[in-house]
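Per-entry structural report
Residue-level listing of the chains:
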Amino acid sequence: MKTGKNKKWMLIILPAAVAMLFGVFAEQMTKGESETSQKESETVERVEIMQEESETNTGKYADTSSYEELDELYKEYFMLGTGCEAIDHWNNQLAEIGNPEKEALISRMYNSITFGNEFKPAYNFDASSETLFTVDFAAEELLDWAKENGVKVRGHVLVWHAQVNPSIFAKDFKAYSGGNLTVSDTDVLDEDCLVSREVLLERLKTYIYGVLEYTYRNGYADIIYAWDVVNEAIMEDGSYRKTKFYEILGKEYIPYAFQCAHEADPEAELYYNDYGMNVPGRRDSVAALVRSLKEKGIRIDAVGMQGHMGMDYPTVEDFEKSLLAFAATGAKVMITEWDMSALPTVSHTANISDTAAYRKALNPYPETLPDSVSRIWNARMKSFFDLF
């Protein structure tokens, strides 16, 4: 295939897989499967497991000063980005911002970052605020770092069924499950506590406006070039995910969210982002969604194809089919959240609760990755990079 210079898509790579592909080893791959429903307790558990496994590597960083800067190397083709988090968010010492070595690596190698959790609604929705938004302190820390270092930001995410405060769906902002107050995004909410369609539409608009107006008021709009407006709304069979947004608003909540985002920030690029995009059912429905938005005159600039991969899935051919299908809609294509596990496949989803493969008991390479596996991993990564 010809190089990306002649294609209709751009590329953002998340997290640090490309740096590893070119020989940069900055501790461990810490951004494995990172999406869909999760509880904070599961995240904390995962962090503790990985902290324990990485104790022997603490402070051991490869000297990358002689490596070519990746963003400069590929600036004529596409943007290169990485996912990052602030140590201050969950006091996660494996996070990037707050670690001088990792900060230096990011500022040298990438021209875009995406926040791992800090901009998600669960940490910024505020029922007591007139705008329903109060910025998470760690999100502001990341924004300030990006501005100071001249790195662009892809906003993630405005509307998502997971990591959302369920009070947005509830009367008087009080969500009940089984008669008990809850703040969990995974609890089944009692029907009699749910708001009407009209109320949720107004709240959704208020929140989206609140987020984007905050970026303008505080001087961040010039570094946030795009937003994931809606995340993971389509199932593998092509049906809409039965979220509370869908149950109360129907499938029109997606064009509504895109329209609100465009009204709030006419300059920002707007994306739809999902995982498992090589699956035909999801591929066809997402392509149809993009065409529908364009036909209605609603702005959508790109499709984000999450690149959660294993050694045995997806095939390059299937991934290419989806990439071409999305490009054919006239939208750009972003390769987002790109990571490839060398560990045995646990799940093809992006669910953080499926990350049991990180546990020592299921890790066949607790000390080091064998050269034979490393060579296969490198070759597979290169085959995808050649595609892009």
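Structural notes, computed from the coordinates.

Rules used in this analysis
Residues numbered from 1 in each chain as written. Predicted model: local features only at pLDDT ≥ 70, side-chain atom pairs only at ≥ 80, totals over all residues. Heavy atoms only, no water. Helix = DSSP H or I, 4+ residues; strand = E, 2+ residues; numbered from the N terminus. Contact = heavy atoms within 4.5 Å. Areas by Shrake-Rupley, 256 points an atom, 1.4 Å probe, with all protein chains shown as cover. Core = buried A, V, L, I, M, F, W, Y, C linked by side-chain atoms within 4.5 Å. Buried < 20%, exposed > 50% of the residue type's maximum accessible area, 1.4 Å probe, protein only. Salt bridge = Lys/Arg side-chain N within 4 Å of Asp/Glu carboxyl O. Polar contact = N/O pair within 3.5 Å; in protein donor to acceptor, adjacent residues only side chain to side chain. Axes fitted to C-alpha atoms, helices over the stretch in contact; angles between N-to-C directions. Parallel < 35°, antiparallel > 145°, perpendicular 65-115°, else oblique. Nonpolar A, V, L, I, M, F, W, Y, C, P; charged D, E, K, R; others polar.

**Comments concerning the overall build of the protein**
In terms of regular secondary structure, the protein is built from twelve helices and nine strands. Here the analysis covers contacts within the protein between residues at least 6 apart in sequence; of these, 80% occur between residues at least 24 apart. Here the protein displays about 16,400 Å² of accessible surface, and carbon together with sulfur accounts for 50% of that area.

**Notes on the nonpolar core**
The biggest cluster of nonpolar side chains holds 95 residues, and the ones touching the most others in it are Val230 and Phe258. Among the elements that make up this core, the one with the highest residue count is helix α7 (residues 197-217) (eight residues). Dropping the residues within four chain positions of it, Phe258 is found in contact with Val229, Val230, Leu270, Tyr271, Tyr272, Leu293, Ile298, Arg299 and Ile300. Membership of the second largest hydrophobic core comes to six residues, among which are Ala226, Tyr271, Ala302 and Met334.

**Quick notes on the environment of Glu236**
As for its position among the elements, Glu236 is in the loop between β6 (224-231) and α8 (244-249). Separated by 49 residues in the primary sequence, Glu236 and Ser285 have C-alpha atoms spaced 9.2 Å apart. In contact with Glu236, not counting residues within four places along its chain, are Val279, Gly281 and Arg282.

**Focus on the pattern of salt bridges**
Enumeration according to the criterion identifies nine salt bridges in this entry. Across the salt bridge formed by Glu252 and Lys296, the nearest N and O atoms sit 3.5 Å from each other. Here Lys296 lies in the loop between α10 (280-295) and β8 (302-309) and Glu252 lies in the loop between α8 and α9 (253-264), a separation of 44 residues in the sequence. On the accessibility criterion, Glu252 (36% relative accessible area) is partly exposed. Of the charged contacts in the structure, one is a salt bridge between Asp386 and Lys382, with a shortest N-O distance of 2.9 Å. Residue Asp386 and its partner Lys382 are located together in helix α12 (residues 371-387), separated by four residues, close to a single helical turn. When its relative accessible area of 45% is taken as the criterion, Asp386 is described as partly exposed.

**What to know about unusual backbone geometry**
For the bond from His156 to Val157, the omega torsion is 10°, close enough to zero to count as cis. Along the chain, the position of Val157 falls in strand β3 (residues 152-160). The residue after Tyr313, namely Pro314, is reached through a cis peptide bond having omega -15°. Its location among the elements puts Pro314 in the loop between β8 and α11 (316-327). In the Ramachandran plot, Asp172 falls in the positive-phi region, its phi being about 55° despite a non-glycine side chain. With respect to the element layout, Asp172 can be found in the loop between β3 and β4 (176-177).

**Here we look at the environment of Glu337**
Its place among the elements puts Glu337 in strand β9 (residues 332-340). Residues Glu337 and Thr114 lie 223 residues apart in sequence; the distance between their C-alpha atoms is 9.1 Å. A polar atom in the side chain of Glu337 sits 3.2 Å from the side chain of Asn273. Here His308 takes part through its side chain, which lies 3.0 Å from a polar atom of the side chain of Glu337.

**Topic: the packing of α10 against α11**
In contact at an axis separation of 9 Å, α10 and α11 are set at 10° when each is read in the N-to-C sense. For the element pair α10 / α11, the angle class is roughly parallel. Two secondary-structure elements touch here, α10 through Arg283, Val286 and Ala287 and α11 through Asp318, Lys321, Ser322, Ala325 and Phe326. Across the contact of α10 with α11, the residue classes tally to four nonpolar, one polar and three charged.

What is shown is where atoms sit, not what they do.
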